[in-house]
Amino acid sequence: MKKSILIALTMVLCYGIARAQSTSSSVQMKEISAKNYTTFKVSDKVTIYAVALKNQYHLEVAGHLFIPNNMDRKTRNPAIIVGHPMGAVKEQSADVYASNMAERGFITLAIDLSFWGESGGKPRNAVLPDMYAEDFSAAVDFLGTRSFVDRNNIGVIGVCGSGSFVISAAKIDPRMKAIATVSMYDMGSASRNALNHSQTLEQRKKNQSEAAEQRYVEFSGGETKYTGGTTHTLNENTDPIQREFYEFYRTPRGEYTPKGGSSKTTTHPTLSSNTKFNNFYPFNDIETISPRPMLFITGDRAHSREFSEDAYKRAGQPKELVIIPNAGHVDLYDKTDLIPFDKLETFFVKHLKEKR
């Protein structure tokens, strides 16, 4: 009897040690240089690390962690997570925001959403909005367990599609203490209704039928098809919104193909998964995020302005809507002369730093 109890205790102890080792090894940090990246710049006052962590479903989430060089790592400091536009990767606008906010004294973490960039998940470019939201909570898990981060003062910034993902995440994760969105897309409404509710129910059902039929093809081992995203060529019939995205994603200004990826598929989600956005309603219950503060930033010429205004209308207090003059949707991805970094700094200083 005593021998069996001893064996059982030994097994429990070994399991606990193995689990601890597994948890520890699931997080990786490596200092890197930003010199090889052309889509964003990093001050010599900031150090950047490549980070790899696991989300709750054991998919690897890749990120870039920015830490100000003058920050005292022996104390706990506020931090901000940054999410990229739908179809993008961290090396584009997310790193622009993360690097600039780090220069202003914040620890920042720009992540690749699951199925995109250097993060895990197959098929590549798959759409799964609940998993995207989970990635932001996983980023909080990571930051909140760093000795130099104050887990009670972690904020988030979502650019474009990630604006709706951070709202979805924050509704059920109260550890996100301050939420900001920039050029936000409600990916659910955009998929169901298109911009300005220009898509009919019949068109939506047609898209859903095509996606459903494509599932048979892929289940049988057929070729993966992609949809949406940014066009690869321009002609006289290219609409202004596609031209706006083209100028960023298909030119040296913002073009980036992650390692192991293909320039032919960047920005394009898979056809068979894209309709999952039709079941995504990030603004439902947005008022329950209150009293945590929310900041919505959009351009006065942004084609996506309707989404920020809708979210602002529905959100509880405290909330603020900031409309940037002479700014379109994509302008706020990377044009640092238009991005209101002073406003973002003030917002996060007030709601993260001053609360310490």
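Reading guide: rules and limits
- Residues numbered from 1 in each chain as written.
- Predicted model: local features only at pLDDT ≥ 70, side-chain atom pairs only at ≥ 80, totals over all residues.
- Heavy atoms only, no water.
- Phe/Tyr/Trp six-rings, centres within 6.5 Å; stacked < 30°, edge-to-face > 60°.
- Helix = DSSP H or I, 4+ residues; strand = E, 2+ residues; numbered from the N terminus.
- Buried < 20%, exposed > 50% of the residue type's maximum accessible area, 1.4 Å probe, protein only.
- Lys NZ or Arg CZ within 6 Å of the ring centre and 35° of its normal.
- Pairing = 2+ DSSP bridges.
- Axes fitted to C-alpha atoms, helices over the stretch in contact; angles between N-to-C directions.
- Contact = heavy atoms within 4.5 Å.
- 1 Å grid on protein atoms, 1.4 Å probe; cavity = no way out; pocket = protein on both sides within 12 Å on 5 of 7 lines; lining within 4 Å.
- Points joined across faces, edges and corners; volume = space filled by probe spheres on them.
- Nonpolar A, V, L, I, M, F, W, Y, C, P; charged D, E, K, R; others polar.
- Bend = angle between axes of the 7 residues up to and from the residue.
- pLDDT = per-residue confidence, 0-100.
- Core = buried A, V, L, I, M, F, W, Y, C linked by side-chain atoms within 4.5 Å.
- Polar contact = N/O pair within 3.5 Å; in protein donor to acceptor, adjacent residues only side chain to side chain.
- Parallel < 35°, antiparallel > 145°, perpendicular 65-115°, else oblique.
- Salt bridge = Lys/Arg side-chain N within 4 Å of Asp/Glu carboxyl O.

Participant: Would you mind showing me how to read the packing of aromatic side chains here?
Facilitator: Each aromatic ring pair is summarised here by two numbers: the centre-to-centre distance and the angle between the ring planes. What the rule picks out here adds up to 16 aromatic pairs. Ring geometry for F296 and Y312: centres 6.4 Å apart, planes at 80°, overall edge-to-face. Separated by 16 residues along the polypeptide, F296 in strand 8 (residues 294–299) and Y312 in helix 9 (residues 305–314) bring together distant segments of the chain. Judged by relative accessible area, which is 28%, Y312 ranks as partly exposed. Site record: aromatic cluster; members linked through ring pairs are Y37, F40, F66 and Y256. A cation over an aromatic ring shows up here: R192 above the ring of Y281, its NZ or CZ 3.7 Å from the ring centre. The lysine or arginine in question, K319, covers the ring of Y312, its NZ or CZ lying 4.7 Å from the ring centre.

Participant: How should I be thinking about the sheet that holds strand 5 (residues 107–111) in this particular structure?
Facilitator: Sheet strands line up and pair through hydrogen bonds in the backbone, either parallel or antiparallel. The strand order across the open sheet built from nine strands is 1-2-3-5-4-6-7-8-9, with neighbouring strands paired in mixed fashion. Whereas interior strands pair on both sides, the edge strands pair on one side only; in this sheet they are strand 1 (28–32) and strand 9 (319–324). Averaged over all pairs of adjacent strands, the angle between strand axes in this sheet comes to 20°, irrespective of strand direction. In this structure, strand 3 (residues 60–68) lies alongside strand 5, joined through four bridges in antiparallel fashion. Across the sheet, F66 pairs through a bridge with T108, a residue of strand 5.

Participant: Where do I start with the environment of I286 in this structure?
Facilitator: If you trace the backbone, I286 turns up in the loop between helix 8 (271–274) and strand 8. We classify I286 as buried; its relative accessible area is 0%. Sequence separation between I286 and G316 is 30 residues; the distance between their C-alpha atoms is 7.4 Å. Setting aside residues up to four positions removed in sequence, I286 forms contacts with I167, K171, M294, F296, A311, R314 and A315.

Participant: What is the right way to read the layout of surface pockets from this model?
Facilitator: In this approach, a probe sized like a water molecule rolls over the atoms, and the result shows the empty space that is left. If you add up the space inside the largest pocket, you get close to 930 Å³. Taken together, 32 residues form the lining of the largest pocket, with M187, A190, G228, G229 and N274 sitting closest to its centre. Of all elements in the fold, only helix 5 (187–193), helix 6 (201–219), helix 7 (240–249) and helix 8 reach the threshold of two or more residues within the lining of the largest pocket. Grouping the amino acids of the lining of the largest pocket by side-chain chemistry returns 15 nonpolar, 14 polar and three charged.

Participant: What's the story with helix 2 (residues 90–103) in this structure? I'm lost.
Facilitator: One full turn of an α-helix is made of 3.6 residues, so residues set three or four places apart face in the same direction. The sharpest bend along helix 2 comes to roughly 35°, located at V96. Just beyond helix 2, the residue with positive phi is G105, at close to 105°.

Participant: Any chance you could explain the confidence of the model for the chain here in plain terms?
Facilitator: The predicted coordinates should not be examined in detail at positions where pLDDT is low. Here the chain shows a mean pLDDT of 93. Residues at 70 or above account for 92%. Contacts for the low-pLDDT stretch residues 5–25, under 50 throughout, to residues beyond four places or in other chains number zero contacts.

Participant: Would you mind going over the nonpolar core with me for this structure?
Facilitator: One recurring pattern in soluble globular proteins is that nonpolar side chains are buried together. Within the largest apolar cluster, 94 residues are counted, with the highest numbers of intra-cluster contacts made by L65, Y97, L143, I157, L344 and F348. When residues in this core are grouped by element, the largest group, nine residues, is from helix 3 (residues 129–144). Residues within four places of F348 in sequence aside, it is in contact with I80, M101, F106, G155, V156, I157, A178, A180 and K353.

Participant: I would appreciate a short explanation of the side chain of S191 in the present structure.
Facilitator: Here S191 shows up in helix 5. Among the residues examined, S191 registers a relative accessible area of 18% and is labelled buried. In terms of polar contacts, S191 uses its side chain to reach the side chain of N278, at 2.6 Å. Here S191 is in contact with Q199, N274, F277 and N278, once residues within four sequence places are set aside.

Participant: What am I meant to see in the packing of helix 3 against helix 4 (residues 162–172) here?
Facilitator: A packed helix pair is summarised by two numbers, namely the angle formed by the two axes and the spacing between the axes. Packing of helix 3 against helix 4 brings their axes to within 8 Å, and their N-to-C directions diverge by 75°. For the element pair helix 3 / helix 4, the angle class is roughly perpendicular. On helix 4, the residues touching P129, Y132, A133 and F136 of helix 3 are S162, F165, V166, S168 and A169.

Participant: What am I meant to see in the pattern of salt bridges here?
Facilitator: Any two side chains of opposite charge can pair, given that their charged atoms come close. Throughout the structure, instances matching the rule amount to 14 salt bridges. Note that D342 and R104 form a salt bridge whose closest N and O atoms lie 2.8 Å from each other. Placement of the pair is D342 in helix 11 (residues 341–353) and R104 in the loop between helix 2 and strand 5, with a sequence separation of 238 residues. By relative accessible area, D342 is classed as exposed at 52%. Residue R104 is classed as partly exposed on the basis of its relative accessible area, which comes to 26%. Overlapping salt bridges bring together K90, E91, D112 and E118 as one network.

Participant: Is there a simple way to explain the environment of G117 in this structure?
Facilitator: Turning to its location among the elements, G117 is positioned in the loop between strand 5 and helix 3. Judged by its relative accessible area of 17%, G117 falls in the buried class. Sequence separation between G117 and G261 is 144 residues, and the spatial gap between their C-alpha atoms is 7.8 Å. If near-sequence neighbours (up to four positions away) are discounted, G117 is found in contact with V89, D112, R124 and P258.

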